[in-house]
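Summary of the model geometry
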Amino acid sequence: MNIISIPLDIRPYNYEFLISLASMDSNISLKMPEKKILGYKKQPASYQAVDDFINNHCADADALIISLDMYLYGGLFPARIHQMELTELTARLNKIKTLKGNYPALKIYASSLVLRTPKYNSSEEEPDYYAHIGHSIFQVGYLSDKEKRVGLNEDEKAHLLAHRSAIDSVSFDDWLSRRSKNLQLIEHAIELVDEKIIDQLIIPLDDTAEFGFTMQDQERIYEKISLLGVQDRVFVHPGTDESGCTLLTKAYLSMRKQDFLATTLYSNELFKTYIPNYEDRPFVHSLRSHAAASGITLVDNNVSLPVLAINGCGEIMQEAFDISYGYNLHTGVRKPKYKNITYYTHRDLVTYAKEIASRTLQMPVVVIDVAMSNGGETELIRALDKAGALDAIKGYAGWNTTCNSLGTGIATLVFSTMGDNADAIERFLKERLVSDWAYQTEVRFPVQFEYLPSIGLSYSSFEEKETMVFDKIKSEIEKAWMENIQYSFNGCCPAITSISAPFRRMSGLHITVA
């Protein structure tokens, strides 16, 4: 199986995750461009170099997995700030037609993101003006959409006017213009699906909410999908950075011409109807869409099938670091650590972990740890360890948003079940536990808010003492592991072989283990 991939960017979940998954099956040959041509943060990739890579490797490829955000704009962040004309972008997209004409047997699996609208003021990933008026832009989108769909009370009307007055017309016109281009290109990509140029398209939704600009764009997108009747080949759902994993899984199963059936096991059945942080719909609807996009079929209550063990929250979903460190990322306020009572009243993690352990004796199990956002749950890790399940499961995902973890977990279940490389499967499990749980939940924020300031560094400014910082992270991960995991992996923390920061910041570290 020869697969070429154009990733969303060079961060590990978009780049190395694909390599790790493909390495689980020796029959897969995966080729990706070198990172040096794929851009860096807001610096776009070399379009010509990416286009050349595709054309130079298509002759013997079975499938192309392509992020249209990388191909059209130069990456995720460039898609949010570019000043390109629609005519140039459309010409780039139409080259996919030429490619399919030259290689008609090539299967093309693509993703194209709806531009996000974060709730907070920050220009780290958005245009410069978002540092000052980002919150107001979000509120205008949210409240104007809510006004149109369900109406506003008097206080909300006043807030809408106040936020509108806070936004200058030049910035707002720039924001709306880029969204318009993005939406038109997504609609064109849907047309390419209808024309059978693109075999499958994923349209991920990043940082979504019940109302807002993203919801307005979705209305147009769903209308286009319905009009063309391509609901079975175009999937719209929350997520972003897991999309490459999803498309790789779809390509893999399609080439193997094999059905993949799986079942679910919840720590809290009520989580099915819960709308997770940063997302716009009940979890079960996202699960169905991600499963269909990956090419798998979910069967309820079947103990003889591979298992997606989904650890959901109670009535409230907190941030992992809010529980472990007492820090609210959006308010910047540190308070005593607190865990909502419904994490206990709505779940029994001891029984859940024992059931997972029992299932691992019969079938592959992958744990999707989404009880919190931006990290795994330490109590679940302890319960799995004590039940003898932590080193018996085939995979783990608990990073960033719920659907980021969901897409990664589904892909891991497929490749760990069907693949033939046990070492690669175990290595990815260890790396996810080290990164998604140990680093993100237990280590990152003490290092970021205590250690870095103590040596004169910060979240995105530590390159001058990088070795010292990474050594500190490594030692803290090992400490967190040994304090919480006693019975699994022979009582030892996996040997961390490297730590790197592709975007030179404390989030999105790439941690490898032996």
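Structure first, text after, so check above.
Below, the structure is looked at part by part. Please read all numbers here as calculations on a predicted model, not as lab measurements.

1. What to know about the nonpolar core
- One finds I66 and L201 to be the most contacted residues of the largest nonpolar core, which totals 105 residues.
- Top contributing element to this core by residue count: helix α16 (residues 402-418), with 8 residues.
- Apart from residues no more than four positions distant in its own chain, I66 is found in contact with I6, I54, Y71, I96, I108, Y109, A110 and S111.
- A309, I393, W437 and A501 belong to the second largest nonpolar core, which has 47 residues in total.

2. Focus: the side chain of S294
- You can see S294 is positioned in helix α11 (residues 283-294).
- In this structure S294 comes out as buried when scored by relative accessible area, which is 1%.
- The contacts of S294, once residues within four sequence positions are left out, are T246, T249, K250, L253 and I410.

3. Points about the pattern of salt bridges
- For the coordinates displayed, the defined rule picks out 42 salt bridges.
- For D174, the salt bridge goes to R178, with nearest N and O atoms at 3.0 Å. Pair noted here: D174 and R178 are both in helix α8 (residues 169-194), with a separation of 4 residues, about one helical turn. An identical accessibility class is assigned to D174 and R178; each is buried.
- Note that E476 and K472 form a salt bridge whose closest N and O atoms lie 3.1 Å from each other. With a gap of 4 residues between them, E476 and K472 both fall in helix α18 (residues 466-484), about one helical turn apart.
- Judged by its relative accessible area of 26%, K472 falls in the partly exposed class.
- Via salt bridges that share partners, R80, R116, E124, E125, E126, D206 and R505 belong to a single interconnected network.

Analysis parameters
- Residues numbered from 1 in each chain as written.
- Predicted model: local features only at pLDDT ≥ 70, side-chain atom pairs only at ≥ 80, totals over all residues.
- Heavy atoms only, no water.
- Core = buried A, V, L, I, M, F, W, Y, C linked by side-chain atoms within 4.5 Å.
- Buried < 20%, exposed > 50% of the residue type's maximum accessible area, 1.4 Å probe, protein only.
- Helix = DSSP H or I, 4+ residues; strand = E, 2+ residues; numbered from the N terminus.
- Contact = heavy atoms within 4.5 Å.
- Salt bridge = Lys/Arg side-chain N within 4 Å of Asp/Glu carboxyl O.

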